[in-house]
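Overview (structure and organization)
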Amino acid sequence: MGRVKDLILTFFNNRWLVFVAAMWIQSCAGIGYLFGSISPVIKSSLNYNQKQVARLGVAKDLGDSVGFLAGSMSEILPLWALLLVGAVQNFVGYGWVWLIITGRAPVLPLWVMCLLIFIGTNGETYFNTVALVSCVQNFPKSRGPVVGILKGFAGLGGAILTQIYALVKSPDSASLIFMVAVGPSMVVISLMFIVRPVGGHRQLRTSDASSFSFIYCICLILAAYLMGVMLVEDLVDLSQTIVQIFTAILFVLLVVPIGIPLWLTFSSDRRNPNPNPNEESLLPESEYKEPERSEHDPNEIIFSELEDEKPREVDLLPASERQKRILQLQSKLAQAAAEGAVRIKRRRGPHRGEDFDLTQALIKADFWLIFWSLLLGSGSGLTVIDNLGQMSESLGYDNTHIFVSMISIWNFLGRVGGGYFSEIIVRDYAYPRPVAMAVAQAIMAIGHLFFAMGWPGAMYIGTLLIGLGYGAHWAIVPATASELFGLKKFGALYNFLTLANPAGSLVFSGVIASYIYDSEAEKQAAQRHQQITNSTSSFLTKLFDTDDALKCEGSVCFFLTFMIMSGLCIIALILSLILVRRTKVVYQNLYGRTRA
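Residues numbered from 1 in each chain as written. Predicted model: local features only at pLDDT ≥ 70, side-chain atom pairs only at ≥ 80, totals over all residues. Heavy atoms only, no water.

Looking up the protein in an unreviewed UniProt entry gives the name Nodulin-like domain-containing protein, with the organism given as Lactuca saligna.

A word on the overall build of the protein. Of the regular secondary structure elements, the protein holds 26 helices and 0 strands. Taking all 596 residues of the protein together, the buried fraction comes to 52%. Residue pairs at least 24 apart in sequence account for 84% of intrachain contacts in the protein once pairs closer than 6 positions are excluded. As displayed, the protein has an accessible area near 27000 Å², and 63% of this comes from carbon and sulfur atoms. (Helix = DSSP H or I, 4+ residues; strand = E, 2+ residues; numbered from the N terminus. Buried < 20%, exposed > 50% of the residue type's maximum accessible area, 1.4 Å probe, protein only. Contact = heavy atoms within 4.5 Å. Areas by Shrake-Rupley, 256 points an atom, 1.4 Å probe, with all protein chains shown as cover.)

Right, let's talk about helix α11 (residues 240-255) for a bit. Given a rise of 1.5 Å per residue, 16 residues ought to cover 22 Å, and the 23 Å separating the end C-alpha atoms of α11 matches this to within 8%. Those residues of α11 that fall on the buried side of the exposure criterion are Val-243, Phe-246, Thr-247, Leu-250, Leu-253 and Leu-254. Down the axis of α11, the buried set is contained in an arc of 115 degrees. They therefore lie on one face. Looking at the buried positions of α11, the neighbouring elements they touch are α2 (15-27), α8 (143-168) and α10 (208-235). (Expected span 1.5 Å × (residues − 1). Arc of directions from axis to C-beta.)

Counting residues in hydrophobic clusters, the biggest one holds 124 residues, and the most contacted among them are Phe-19, Ile-149, Leu-150 and Leu-226. Broken down by element, this core gets its largest block of residues, 13 residues, from helix α26 (residues 556-595). Discounting chain neighbours no more than four positions away, the residues touching Leu-226 are Leu-156, Ala-159, Ile-160, Leu-250 and Ile-409. Counting residues in hydrophobic clusters, the runner-up holds 30 residues, among them Ile-31, Leu-34, Ile-38 and Tyr-165. (Core = buried A, V, L, I, M, F, W, Y, C linked by side-chain atoms within 4.5 Å.)

Relative to the helices and strands, Ser-576 resides in helix α26. Ser-576 sits in the buried class, given a relative accessible area of 1%. Among the polar contacts listed, one links the side chain of Ser-576 to the side chain of Ser-373, at a separation of 2.8 Å. Filtering out sequence-adjacent residues up to four positions away, Ser-576 remains in contact with Ser-373, Pro-434, Met-437, Ala-438 and Gln-441. (Polar contact = N/O pair within 3.5 Å; in protein donor to acceptor, adjacent residues only side chain to side chain.)

In this structure the tally under the stated criterion is 1 disulfide. The residue that forms a disulfide with Cys-552 is Cys-557, at a sulfur-sulfur distance of 2.0 Å. Note on the Cys-552 and Cys-557 pair: the S-S dihedral is about -100 degrees, so by sign convention the disulfide is left-handed. (Disulfide = S-S within 2.5 Å.)

Relative to the elements of secondary structure, Ser-394 occurs in helix α19 (residues 388-394). Among the residues examined, Ser-394 registers a relative accessible area of 7% and is labelled buried. Among all residues touching Ser-394, those that are not within four sequence positions of it are Cys-552, Glu-553, Gly-554, Cys-557 and Phe-558.

Helix-helix packing: each pair is described by the crossing angle between the helix axes and the interaxial distance. At a minimum axis distance of 10 Å, the contact between α2 and helix α7 (residues 110-138) shows a crossing angle of 160 degrees. Taken together, the axis directions place α2 and α7 in an arrangement best described as roughly antiparallel. For the pair α2 and α7, the sense of crossing is left-handed. Contacts between α2 and α7 involve Arg-15, Val-18, Phe-19, Ala-22, Ile-25 and Gln-26 from the former and Phe-127, Asn-128, Ala-131, Ser-134, Cys-135 and Asn-138 from the latter. In terms of residue class, the contact of α2 with α7 is made up of 7 nonpolar, 4 polar and 1 charged. (Axes fitted to C-alpha atoms, helices over the stretch in contact; angles between N-to-C directions. Parallel < 35°, antiparallel > 145°, perpendicular 65-115°, else oblique. Left-handed = near helix turned anticlockwise from the far one by under 90°. Nonpolar A, V, L, I, M, F, W, Y, C, P; charged D, E, K, R; others polar.)

This is the structure:
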């Protein structure tokens, strides 16, 4: 009996169980991606026009990205309480919308509907915060893969929820809103005591590499499966039995990863819990501290002088030789300081790689380089996502849903791949992770050019490149922030950085893209109006003078927009490379010694 209790405790305290549960929670955190399916129901039920629906969309984008409150509360509340707050917000926000749509509650003004959509979607930020904070603490030396997989499942959440809704096939279209209100809340509440830090840095296993490989295989199979299912269901009228089989296979793929913590609990790896004596350190810089430090450690006192006096070629030396040269320089500076030859400057606040709070991070150039690079890169990507329907219509495509589905899948693969390849960069080469972000932004710049030119097949190639690049940002940025500014206040730091997403969307999509599109549409409408006026009676002129005439056709509708977006991605690339140059020494210190 005692052994059974022991195994149960070991299972529930296994960091891989936390990771798998966090993946399931993130699968429910894609509510914002379902807005395109929800908005037609709201529009028809409440007789909204397109401008009113667009305002609900802005509220959705803000709720999806403004997680500052969730980040601040993560420093006060236990993580299970944070998940509960998010579940309640999700249930109340979308539950109230469902009551209004079905006539069970009185119709409210538009601004109140926007508030309800904001509250419901904002629940996602609590799910994201808890999942990321827990797992980067449990896997401090595998932040890239962990963040990439978790953010990938968040991006795939919309497709997963859509497939589950296809299983229901309710004649009442408002039932989708009911499912969004109830389903994620139930899943999160059932898992809220599992997703937490469990001292995962002490659970290093020789099997971890194979476990990550298994998860990556599941991710690739899941993405390919959902892509195939979406295409089949879109092109063929399937029976309900086939849909049930497809959904059952989806559930199997989602549940399969639970085999990892089960296997670790009952395998021989459990009986030899620490085959590798080196546990992962929560704070990277602690590895490199001396075991004993006096109250006036000269290494700490003359840090600023060391940075000023250190020759540039020292950073290019192997890790062991570099450390030896730095120690020699420290010794000389300490002796000079004792003789009064140099003035000692004490540096206040943490150094890069240590724990920052938000106010300390906000005065650092590196933090703002990350923020502006993310704003330009992800903001331009979100412009594509928000305008994908109009883009495909302007180029003559009738079926816009296929591109929405495709960019969702590529977004998922970009997040998973961004975490994987950025981890190779830092692990194998001790090179700054932001170089992966620069590569993603270069890919996006090329994708925007394809959209701008409107070449044959541009929509397919563009969605591929933009989806991969946009998704990669959300795997690379959180991992980079945790490495440069620590884990202690990671929730607040991450949620501040996510503000770049709605800010970029508001300016690039809400101002630039919409203004250029409307201008081109008005030019085309004026030309059509002139042609009709010259060839028809005044009665036909009035007949054709409708809002439909304001639609824009051809690649000219978005040519200037995406040329601008491509330029912005190039600026983001330059900012990322500046960050690479500034943090090269930091990453050498964090990862260079493990290679040596």
